[in-house]
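Fold and geometry: a report
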Amino acid sequence: LAKTTQPISMDSYEGQEVNITCSHNNIATNDYITWYQQFPSQGPRFIIQGYKTKVTNEVASLFIPADRKSSTLSLPRVSLSDTAVYYCLVGETGTASKLTFGTGTRLQVTL
Amino acid sequence: DAGVTQSPTHLIKTRGQQVTLRCSPKSGHDTVSWYQQALGQGPQFIFQYYEEEERQRGNFPDRFSGHQFPNYSSELNVNALLLGDSALYLCASSSTRQANPGSWEQYFGPGTRLTVT
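The following refers to the structure shown.

Cut-offs applied
Residues numbered from 1 in each chain as written. Chains lettered and ligands numbered in written order. Predicted model: local features only at pLDDT ≥ 70, side-chain atom pairs only at ≥ 80, totals over all residues. Heavy atoms only, no water. Helix = DSSP H or I, 4+ residues; strand = E, 2+ residues; numbered from the N terminus. Rg over C-alpha atoms; globule rule 2.2 N^0.38 Å. Contact = heavy atoms within 4.5 Å. Areas by Shrake-Rupley, 256 points an atom, 1.4 Å probe, with all protein chains shown as cover. Lys, Arg positive; Asp, Glu negative; His and termini not counted. Charge placed at Lys NZ, Arg CZ, Asp CG, Glu CD. Disulfide = S-S within 2.5 Å. Buried < 20%, exposed > 50% of the residue type's maximum accessible area, 1.4 Å probe, protein only.

With that out of the way, let us pick up the overall build of chain A. Summing up its helical and strand segments, chain A has 0 helices and 9 strands in all. Counting helices and strands in the order they occur from the N terminus, chain A gives β-β-β-β-β-β-β-β-β. The globule rule puts the C-alpha radius of gyration for 111 residues at 13 Å, and the 13 Å found for chain A is close to it. Principal axes of the C-alpha set define a box for chain A whose edges measure 40 × 30 × 25 Å. Expressed as a percentage of contacts within chain A between residues at least 6 apart in sequence, the contacts between residues at least 24 apart total 57%. Summed over its atoms, the accessible surface of chain A is roughly 5,600 Å², and 49% of this surface lies on carbon and sulfur atoms. Positive and negative charge centroids in chain A, built from 9 and 8 side chains respectively, lie 6 Å apart.

Printed below as a string of structure tokens:
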């Protein structure tokens, strides 16, 4: 699986937009980009997945440039409840593939 | 519709003992994966079960074994416990019949917190 690099931590105020960038220079043609969110003492939760360009759902947006060597998770107007660890994963999928998590980005949202 | 459930929630064991953790997948899911998450680290893949067989395995010793039952539920067994086995053990389920073949969406349970003393 392609190795990913993301910031260890980020801080934000409530109501701001937060962008977390993930670098994956060795991404392969068949690889997808997936983001998970994890709250303390809970299992990770799927946020969004994309292959190229932009993907948006009710929770977040995922921006992927043409070269696909990086991606940006965008969280609009964060609230205190968005305080969590965010993981960027890259890899080929078939049936349920094994997920390789890094150390993630710890987002702290304050008033 | 119940999501992924795991039992027990917490467990305390002594070095050298054996432990069994249980997982029931989300309704309609047929694949179960197990992960170990040490404090401050991301989850690490242990193994995956589909059709009652181990399909993939991560870099974990043979002390870690598992089983999947006909109803798709699964067990994780760890023998000869070490202090380093203390972690949050997560179960994730998914379906081989997902509409999007590229989807990586796995549903995780709340985990079992294992403490080895």
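Residues and elements named next belong to chain B. Enumeration according to the criterion identifies 2 disulfides over all chains in this entry. C23 shares a disulfide with C91; S-S distance 1.8 Å. Residues C23 and C91 are joined by a disulfide whose S-S torsion is about -55 degrees; by sign, that bridge is left-handed. Remark: C91 occurs in strand β9 (residues 87–94) and C23 occurs in strand β3 (residues 19–24); sequence separation between them is 68 residues. Side by side, C23 and C91 carry an identical accessibility label, which is buried.

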